[in-house]
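Each chain is listed here by its residues.
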Amino acid sequence: MKLLKLMMLTLVVVILVLTLSYEKIISKILLPQYIAWAYETDRKGLEFGVPLEDQSLQLATDIGIVHPEKVRIVYIDEVPFPYENFALKVLGEALGFVGEGIINDAQAFGYSIYVRNGYELDKPKLAHELVHVLQIERSDLDAVITQHFSDLAKYGYDNAPLEVEAFKANKKYSSED
C-alpha cells in the first residue's frame, strides 16, 4: 500500500512539475529545435527557389522590404514542417500549424516563401507573405518565430499580431485589383 501511495505521489509531482514548466520546455527545448529547422528550411529555399518577377519585386519594395532581390518563392507539394520530430509535431498540432483538416498554403522562412502547388499566390496573398518576410527582416527569424508561437498560443491565428499585420496587406492589395 505504501508503494502505491508513493507511486501516486510521484505521479502527482511529475504532473505538477510538467504543468508548471511547460513554457520553459517549449522555450528552452522545442523552440530552438524549430528555429534551427526553420533556418535550414530558409537556406534550402534560397538555394532552390525562384526570384520574384518585376511586379512582385515592386510589391515587395512597396511593402517595405529592404532587400526584395533576396526573396525566393519555392513551389512544393506540401509546405514543410518538421513532422519527423514528434515533440515539434505535437506542438505544431497544439498551435494549429498542422493536423487533421489543416492545410498550410504558404509560409515565409526568412527570405524564402514556400507555396503549396495549386495555391493561387495572387497579389493579396503574396503581399501577406511578403509582410512576414518584412517582419523577419525588421527583426530576425528567431525573434519572429518566438513571438509568433507565443502569440498563437495567446491569441489564436486570426488575432495574432503578426498575422493581423499581414492580413492588412491582404485587404489593401485586394482592393487594388
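Quick note: structure is the one above.
Quick caveat: nothing in here was measured; it's all calculated off a predicted structure.

Colleague: What is the right way to look at the overall build of the protein chain in this model?
Modeller: The number of helices and strands found in the protein chain is 6 helices and 4 strands. For the protein chain, the α and β elements follow one another from N to C terminus as α-β-α-β-α-β-β-α-α-α. Across the 177 residues in the protein chain, those meeting the buried criterion constitute 39%. Taking the contacts inside the protein chain whose residues are at least 6 apart along the sequence as the reference set, 69% of them involve residues at least 24 apart. Working note: accessible area of the protein chain is about 10800 Å², and carbon and sulfur atoms make up 60% of it.

Colleague: Please clarify how a nonpolar patch on the surface should be interpreted in this entry.
Modeller: Side chains of L3, L6 and M7 sit close together on the surface and give an oily, nonpolar patch of about 330 Å² of accessible area. Assignment of secondary structure puts M7 in helix α1 (residues 2-48).

Colleague: Before we go on, may I ask you to explain the environment of K44 in this structure?
Modeller: On the secondary structure map, K44 appears in helix α1. Note: C-alpha distance between K44 and V74 (30 residues apart in sequence) is 9.2 Å.

Rules and cut-offs
- Residues numbered from 1 in each chain as written.
- Predicted model: local features only at pLDDT ≥ 70, side-chain atom pairs only at ≥ 80, totals over all residues.
- Heavy atoms only, no water.
- Helix = DSSP H or I, 4+ residues; strand = E, 2+ residues; numbered from the N terminus.
- Buried < 20%, exposed > 50% of the residue type's maximum accessible area, 1.4 Å probe, protein only.
- Contact = heavy atoms within 4.5 Å.
- Areas by Shrake-Rupley, 256 points an atom, 1.4 Å probe, with all protein chains shown as cover.
- Patch = residues over 30% accessible without salt bridge, like charges linked within 9 Å, V, L, I, M, F, W, Y side chains within 5 Å.
- Salt bridge = Lys/Arg side-chain N within 4 Å of Asp/Glu carboxyl O.

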